[in-house]
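Summary of the model geometry
Chain by chain, the residues:
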Amino acid sequence: MVKPSSPKQITTPPRKRSPRSRLTTPSYSRLTSPPSRAKSAKSVGGSPKTPIASRGDLFKIFKSSKKKSPKSIIKKEILKLDVIANDWNYQTTPSKGKKNKFQCDRFIPVRETMGEPSEQLRIPQRETGKEKYLNNNEFEYQEKLAEACGVSLEKRILAFNLQPPSSQKDDLRQLYNQPIKLSTIQFKRRILTSPERILDAPGLLDDYYLNLLDWNIKNMVAIGLDQCVYIWNADTGDVISLERTNPSDYIASLSWSNDGDYLAVGTSDGDIQIWDVLKEQKIRSMLGHSARVGVLTWNKHIISSGCKDGSIWHHDTRVAQHKIAELVDHTSEVCGLKWNYNGNQLASGGNDNRVNIWDARASTPRLTKNNHVAAVKALAWCPWQNHILATGGGSYDRHIHFWNVSSGARVKSVDTGSQVTSIIWSKDFKELLSTHGFPDHNMTIWTYPSLNKIAEIPAHESRILHSAISPDNQVVATAASDENLKFWRWMYNSLIFENNQSSINYSGKLLYDLYSKLDSVVSLKVYI
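How each quantity is defined
Residues numbered from 1 in each chain as written. Predicted model: local features only at pLDDT ≥ 70, side-chain atom pairs only at ≥ 80, totals over all residues. Heavy atoms only, no water. Helix = DSSP H or I, 4+ residues; strand = E, 2+ residues; numbered from the N terminus. Contact = heavy atoms within 4.5 Å. Areas by Shrake-Rupley, 256 points an atom, 1.4 Å probe, with all protein chains shown as cover. Salt bridge = Lys/Arg side-chain N within 4 Å of Asp/Glu carboxyl O. Buried < 20%, exposed > 50% of the residue type's maximum accessible area, 1.4 Å probe, protein only. UniProt positions renumbered as here; feature names shortened; annotations may be inferred. Pairing = 2+ DSSP bridges. Axes fitted to C-alpha atoms, helices over the stretch in contact; angles between N-to-C directions. Phe/Tyr/Trp six-rings, centres within 6.5 Å; stacked < 30°, edge-to-face > 60°. Polar contact = N/O pair within 3.5 Å; in protein donor to acceptor, adjacent residues only side chain to side chain. Expected span 1.5 Å × (residues − 1). Arc of directions from axis to C-beta. Core = buried A, V, L, I, M, F, W, Y, C linked by side-chain atoms within 4.5 Å. Domains from an automatic or database assignment.

Remarks on the overall build of the protein
When its secondary structure is counted, the protein shows six helices and 30 strands. Long-range contacts, defined as pairs at least 24 residues apart, comprise 46% of the intrachain contacts of the protein with a sequence gap of at least 6. For the protein, the exposed area adds up to about 33500 Å²; of that, 52% sits on carbon and sulfur atoms.

Quick notes on the pattern of salt bridges
A complete count under the given rule lists nine salt bridges for this structure. Notably, a salt bridge pairs aspartate 206 with arginine 463, separated by 3.2 Å at the nearest N-O pair. Taken together, the residues span a long stretch of sequence, with aspartate 206 in the loop between β2 (197-200) and β3 (213-215) and arginine 463 in the loop between β26 (453-458) and β27 (464-469) at a distance of 257 residues. A salt bridge links aspartate 261 to lysine 218; its shortest N-O distance comes to 2.3 Å. With aspartate 261 in the loop between β7 (251-256) and β8 (262-267) and lysine 218 in the loop between β3 and β4 (220-225), this pair connects stretches of sequence that are 43 residues apart. Overall, aspartate 261 belongs to the partly exposed group, its relative accessible area being 22%.

Concerning unusual backbone geometry
For the peptide bond that leads from phenylalanine 438 to proline 439, omega is 0 degrees, which places it in the cis range. Topologically, proline 439 is positioned in the loop between β24 (431-436) and β25 (442-447). The step from tyrosine 448 to proline 449 runs through a cis peptide bond, and the omega angle for that step is 10 degrees. Positionally, proline 449 belongs in the loop between β25 and β26. Even without a glycine there, the phi angle at histidine 441 is positive, about 60 degrees. Mapping histidine 441 onto the fold places it in the loop between β24 and β25. For histidine 441, a relative accessible area of 13% puts it in the buried group.

Describing the UniProt feature "repeat: WD" (unreviewed entry) in the protein
In the numbering adopted here, UniProt assigns the feature "repeat: WD" (unreviewed entry) to residues 244-285, 327-368 and 457-488. Annotation note: span residues 457-488, helix share 0%, strand share 59%, distance between end C-alpha atoms 10 Å.

Overview of the sheet that holds strand β22 (residues 409-415)
Sheet architecture is open: four strands sit in the order β19-β20-β21-β22, paired in antiparallel fashion. Of all strands in the sheet, those with a lone pairing partner are β19 (376-381) and β22, marking the two edges. Each adjacent strand pair in this sheet contributes to an overall mean axis angle of 20 degrees, direction not counted. Relative to β22, strand β21 (residues 399-404) runs antiparallel, the two being bridged by six bridges. Across the sheet, the residue bridging to phenylalanine 402 is lysine 412, located in β22.

Brief notes about the packing of aromatic side chains
Within the structure shown, the criterion is met by seven aromatic pairs. Seen in terms of ring centroids, tryptophan 215 and phenylalanine 487 are 5.7 Å apart; in terms of plane orientation they differ by 80 degrees. Their pairing is edge-to-face. In this pair, tryptophan 215 sits in strand β3 while phenylalanine 487 sits in strand β29 (residues 484-489), placing the two residues 272 residues apart along the sequence. The same class applies to tryptophan 215 as to phenylalanine 487, namely buried. Judged by centre distance (5.2 Å) and plane angle (45 degrees), the rings of phenylalanine 402 and tyrosine 448 are tilted. You can see phenylalanine 402 sitting in strand β21 and its partner tyrosine 448 sitting in the loop between β25 and β26, a full 46 residues away along the chain.

Regarding the sheet that holds strand β23 (residues 420-425)
The strands making up a sheet associate through backbone hydrogen bonding, with each pair oriented either parallel or antiparallel. Taken together, four strands build an open sheet; the order of strands is β23-β24-β25-β26 and the sheet is antiparallel. Edge positions in the open sheet fall to β23 and β26, since each of these has one partner strand only. Sheet twist, expressed as the mean angle between neighbouring strand axes with direction ignored, is 15 degrees. Pairing of β23 with β24 involves five bridges; the strand directions are antiparallel. Following the sheet pairing, serine 422 is matched in β24 by threonine 435.

Digging into the side chain of aspartate 207
Structurally, aspartate 207 can be placed in the loop between β2 and β3. In this structure the side chain of aspartate 207 is engaged in a polar contact, spanning 3.2 Å, whose partner is the backbone nitrogen of tyrosine 209. Not counting residues up to four positions away in its chain, the partners in contact with aspartate 207 are Arg292, Arg463, Leu465 and His466.

Details of the environment of alanine 362
Relative to the helices and strands, alanine 362 resides in the loop between β17 (355-359) and β18 (367-369). By relative accessible area, which is 25% here, alanine 362 ends up partly exposed. For alanine 362 and glutamate 326, which are 36 residues apart along the polypeptide, the C-alpha to C-alpha distance reads 9.7 Å.

Some words on helix α5 (residues 136-149)
Across its 14 residues, α5 extends 20 Å between first and last C-alpha, which sits within 8% of the 20 Å expected from 1.5 Å per residue. Regarding α5, the residues found buried are Phe139, Gln142, Leu145 and Ala146. Along the axis of α5, the buried positions cluster into a sector of 125 degrees, meaning they face one direction only. Residues of α5 that are exposed and point over 90 degrees away from its buried face: Asn136, Asn137, Lys144, Glu147 and Ala148.

Quick look at the nonpolar core
What tends to happen in soluble globular proteins is that the nonpolar side chains get buried as a cluster. Among the nonpolar cores identified, the biggest contains 31 residues, and Leu213, Trp215, Ile231, Leu263, Leu485 and Phe487 are the most heavily contacted of them. Among the elements that take part in this core, β4 stands out by supplying five residues, more than any other. Here this core spans two domains, since at least three of its residues come from each of domain 1 (209-360) and domain 2 (371-492).

Quick look at the structure:
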């Protein structure tokens, strides 16, 4: 019996499988970005020789790549801070083939990272004694580089203080011969247009050629009224009268000594008397003049007197024979006489319209000026320039001339418009005050040398005959033919005066109210 054969199984021979690429998650470096989609697609199934993976395998690949993305890997690995050492630097793992760049704070530059050109400008300071340890070529290169850049190796480039000028390099004549710009300080100066005090002066002679008012260094005012001499103490307000025995003559001139203890009095009969004011008695009488003595002036122990006959005598008060010199040049009455501050020159003015300058030991005038056309009574020497003399003419002249007695030249001139009776210089400012007679009867304050008019004060109702200044050069006393003696505040050096010698005391009170009755305000420039 034949066994039935089993059905023949059809078997397919096993297909040779080509080596299949492994579909695994691509491994990337920590500092590289993932590949593009085109590249990944090519690796999955882009090659024609590579069989296409099944749908399940692709899902597994996508799911595994989604769990760990390259971005999350980089974020976890990079953001690690070294808290102990570098709080501002990220910990990074350098990739292969790339150098790690130097990390630093952006606000604090590091010299090593600034490049070679800036490194070459780092010129080290050369210290003495160390040149032998350094390379000479390096120093030569540094010197040339510093010379090209205009930098000195011996000093710092940046300095807070400028170096003082060197006398070896700079010409001091060009540096210090430049004109100096004077800075000006302007302040308001107040000038009183009303007197501080008015005293009656009955019996005052209305004579232009006499000199009947003077103020001494002890703050006492002497005035001649007809036949008597009255002395008013400005500190206490007391009045002293010097009794005279000869009623036939009258007082023609007055002058205090330099120390203020003695008063010289010239009379109409040619007598010169010396009075001790404290004892209120006459200590000496010097006769000799043939006519009235209209002007007197002191020079230490010498009294110079001007007579109506045109002669000038020098009297030595220490000896019995008092006449030591006689100066003859004027042809008419001498009405102005003044020694300079040094006591070596004497200025005289007369009714012959002449001004003479005499040396102390000469009998002939050193200079003679005939520029005035009227009598010259007002004479004043400048206190800060001993060679400057101011002279004022009478009613037909009305000019003030300024003379340089060293060269004999006339420096300045000004037309006052009125008869000039006296001139007073200020010792504190470059100013002068002039008093006038006909027709204005006023006082005028001038600047010098510009001769600008600062103020013009109507002083009296009639012409001013005499004037005198206080020992502190602040108050001016004027006497006029209206028989009034007025005191004017001219300067203000301080508000509180000391020693009771620099102000007038009325009823035991000092004059502190200096700014009352203000009628004019001027602006004055003082150069410093």
